[in-house]
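# Reading the structure
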Amino acid sequence: EDQVTQSPEALRLQEGESSSLNCSYTVSGLRGLFWYRQDPGKGPEFLFTLYSAGEEKEKERLKATLTKKESFLHITAPKPEDSATYLCAVQAPFSGTYKYIFGTGTRLKVLA
Amino acid sequence: DAGVTQSPTHLIKTRGQQVTLRCSPKSGHDTVSWYQQALGQGPQFIFQYYEEEERQRGNFPDRFSGHQFPNYSSELNVNALLLGDSALYLCASSLAPSAYYHYEQYFGPGTRLTVT
């Protein structure tokens, strides 16, 4: 069964304390892996798309990497405004089209 | 460039009632997907519309139905509301499905539905 698992469920960091979030997946024929940021009560905000193992993308303090079984979202020197839930989603073939499967997210809290 | 818009922002309904949620896709997008997000959970796929047809569907009962209009906007209808239908309903838009091209979905702000 196709599945996306994110860890940890929650993470508290001090401002400037770098860390990584994990997204592991088991899907047949991965077409893309997506990272989103979601603030409370709002829709997810697109961050990155990764297509193939070894690929890396960066945006400000965030860097996403992809292997054949997992993706990492590295946060370097985080600031309080980076506090949010980070969601991972995969796109895989399904019945002639595709499906989009989300993980449950990692709730990040950055303390000043 | 307008992003994905949804209406209403919040909605309170009683068990057994029916509700309609609306979505306008990001400019240039022609595919709309709907998701249900319970508190503390990731979005769960409901269904996707492209060319005014339902193209695929997640594990949701027939009480959940939808429609896409010629201008690509979409509606989500839920009949016979249950308490468990209380959630944030998200609309996402993208370019049309392709067997060869990867693309990302852009989400709207969501509609918070509370069923009492």
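In the block above lies the structure referred to throughout.
Here the structure is a predicted model, which means the values were calculated and not measured.

Helix and strand content of chain A: zero helices and eleven strands. When the helices and strands of chain A are listed from N to C terminus, the series reads β-β-β-β-β-β-β-β-β-β-β. A compact globule built from 112 residues would reach a C-alpha radius of gyration of about 13 Å, and chain A, at 14 Å, matches this within 12%. Along the longest, intermediate and shortest principal axes, the C-alpha atoms of chain A span 50 × 30 × 20 Å. Evaluated residue by residue, chain A yields a buried proportion of 47% over its 112 residues. Sequence-distant contacts in chain A: of pairs separated by 6 or more residues, those separated by 24 or more amount to 55%. As presented, chain A carries roughly 5,400 Å² of accessible surface, and 48% of it is formed by carbon and sulfur atoms. Positive and negative side-chain charges in chain A, numbering 14 and 14 respectively, have mean positions lying 2 Å apart.

At the interface, 22 residues of chain A touch 27 residues of chain B. Between chain A and chain B lies a buried interface of about 1,800 Å² when both sides are counted; carbon and sulfur atoms form 50% of it. Looking at the side of chain A facing chain B, the largest losses of area belong to Arg31, Tyr98 and Phe102 of chain A, adding up to 30% of the total buried there. The interface formed by chain A and chain B contains zero salt bridges. Counting across the chain A and chain B interface gives four residue pairs in polar contact (both at pLDDT 80 or more). Counting residues per element, the ones that place at least two in the side of chain A that touches chain B are strand E4 (32-38), strand E5 (45-50), strand E9 (84-94) and strand E10 (97-102) of chain A. For the side of chain A that touches chain B, a count of residues per class yields ten nonpolar, nine polar and three charged.

All chains considered together, the criterion is met by two disulfides over all chains. The disulfide bridge from Cys23 of chain A ends at Cys88 of chain A, spanning 1.9 Å between sulfur atoms. With the S-S bond torsion at -55 degrees, the cross-link from Cys23 of chain A to Cys88 of chain A turns out left-handed. Separated by 65 residues along the polypeptide, Cys23 of chain A in strand E3 (residues 19-26) and Cys88 of chain A in strand E9 bring together distant segments of the chain. Summarising the burial analysis for this pair, Cys23 of chain A and Cys88 of chain A share the class buried. One disulfide bridge connects Cys23 of chain B with Cys91 of chain B, the sulfur atoms lying 1.8 Å from each other. Torsion about the S-S bond of the Cys23 of chain B and Cys91 of chain B cystine: about -55 degrees, corresponding to left-handed handedness. Of this pair, Cys23 of chain B sits in strand E3 (residues 19-24) while Cys91 of chain B sits in strand E9 (residues 87-94), and the two are 68 residues apart along the sequence. This pair shows no difference in class: Cys23 of chain B is buried, exactly as Cys91 of chain B is.

What follows is about the pattern of salt bridges. One side chain can pair with another of opposite charge once the charged atoms of both are near each other. All names here are of chain A. Going through the model one piece at a time under the given rule, you end up with nine salt bridges over all chains. One salt bridge connects Lys57 with Glu55, and the closest N-O pair in it is separated by 3.6 Å. Lys57 sits in the partly exposed class, given a relative accessible area of 29%.

It is worth spelling out the nonpolar core at this point. Leu33, Trp35, Leu73 and Tyr86 of chain A are the most contacted members of the largest nonpolar core, which totals 25 residues. Element by element, the count of residues in this core is highest for E9 of chain A, at five residues. Within the second largest apolar cluster, 19 residues are counted, among which are Phe64, Val78, Leu81 and Tyr89 of chain B.

Attention now goes to the side chain of Asp82 of chain A. Mapped onto the secondary structure, Asp82 of chain A falls in the loop between strand E8 (70-75) and E9. Not counting residues up to four positions away in its chain, the partners in contact with Asp82 of chain A are Arg37, Arg61, Leu108 and Val110 of chain A.

Rules and cut-offs
Residues numbered from 1 in each chain as written. Chains lettered and ligands numbered in written order. Predicted model: local features only at pLDDT ≥ 70, side-chain atom pairs only at ≥ 80, totals over all residues. Heavy atoms only, no water. Helix = DSSP H or I, 4+ residues; strand = E, 2+ residues; numbered from the N terminus. Rg over C-alpha atoms; globule rule 2.2 N^0.38 Å. Buried < 20%, exposed > 50% of the residue type's maximum accessible area, 1.4 Å probe, protein only. Contact = heavy atoms within 4.5 Å. Areas by Shrake-Rupley, 256 points an atom, 1.4 Å probe, with all protein chains shown as cover. Lys, Arg positive; Asp, Glu negative; His and termini not counted. Charge placed at Lys NZ, Arg CZ, Asp CG, Glu CD. Buried area = accessible area lost by both parts, 1.4 Å probe. Salt bridge = Lys/Arg side-chain N within 4 Å of Asp/Glu carboxyl O. Polar contact = N/O pair within 3.5 Å; in protein donor to acceptor, adjacent residues only side chain to side chain. Nonpolar A, V, L, I, M, F, W, Y, C, P; charged D, E, K, R; others polar. Disulfide = S-S within 2.5 Å. Core = buried A, V, L, I, M, F, W, Y, C linked by side-chain atoms within 4.5 Å.

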